[in-house]
Amino acid sequence: MFFKKSVHIDSHIDTLVGHETQIHGNMQFAGGLRVDGLIAGNVIEKREHPSTLIISENGTINGAVEASKVVLNGLIRGPVKASVFIELQSKARIVGDLYYKSLEMHTGAVIEGKLIYLGEQPPEVTVPELT
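What this report covers is the structure whose coordinates are included nearby. (Residues numbered from 1 in each chain as written. Predicted model: local features only at pLDDT ≥ 70, side-chain atom pairs only at ≥ 80, totals over all residues. Heavy atoms only, no water.)

**Describing the pairing of strand β9 (residues 65-72)**
Counting buried residues along β9, 7 of its 8 residues qualify, which places the element largely inside the surrounding structure. Sheet analysis places strand β6 (residues 43-45) next to β9, joined by 2 bridges and oriented parallel. Note on β9: the bridge partner recorded for V43 is V65. Bridge count for strand β7 (residues 52-55) against β9 is 4 bridges, and the pairing is parallel. Note on β9: the bridge partner recorded for I55 is L72. Examined bridge by bridge, β9 and strand β11 (residues 80-88) share 7 bridges and lie parallel to one another. The partner of K69 across the bridge, within β11, is F85. (Buried < 20%, exposed > 50% of the residue type's maximum accessible area, 1.4 Å probe, protein only. Helix = DSSP H or I, 4+ residues; strand = E, 2+ residues; numbered from the N terminus. Pairing = 2+ DSSP bridges.)

**Some words on the packing of aromatic side chains**
Following the criterion strictly, the structure yields 1 aromatic pair and no others. Between the aromatic rings of Y100 and Y117, the centroid separation amounts to 5.7 Å while the plane-to-plane angle is 55 degrees, which identifies the pairing as tilted. Highlighted residues: Y100 in strand β13 (residues 98-100) and Y117 in strand β16 (residues 115-117), separated in sequence by 17 residues. Y117 gets classed as exposed once you look at its relative accessible area, which sits at 52%. (Phe/Tyr/Trp six-rings, centres within 6.5 Å; stacked < 30°, edge-to-face > 60°.)

**A word on the nonpolar core**
It is characteristic of soluble globular proteins that their nonpolar side chains tend to be buried jointly. L53, I61, I86 and L88 are the most contacted members of the largest nonpolar core, which totals 25 residues. Mapped onto this core, the elements with two or more residues apiece are β3 (27-29), β4 (32-35), β7, β9, β11 and β13. Ignoring any residue separated from it by four or fewer positions in sequence, one finds I86 in contact with V70, V80, I94, L98, Y100, S102, L103 and E104. (Core = buried A, V, L, I, M, F, W, Y, C linked by side-chain atoms within 4.5 Å. Contact = heavy atoms within 4.5 Å.)

See the structure below:
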């Protein structure tokens, strides 16, 4: 009632890593990716395609993660970069640094690392020379 979510999470899933599935190696994706299993490797979105990564309560990624939008309710062991938005649900856990532009964190979520804001770059300041 008092605020609206400014970022819409696309629930369309193009790729599903199932509960009993394990992937060992790096993964590049576009569109919507949902992880219910284990990925041991980096998970990176294709740069030209802003994408959504959803990691369920049973999902685990052991590696770096880069995506425009991330919804986490599982575990990531590695640095996370969410260039647009990240939602950390109540069972979310990140063991690594989190680079974010917009962050929503529910009670119970845990981050074991630094929070680094990716906001707008500050304007360049020119200092006049003293004469």
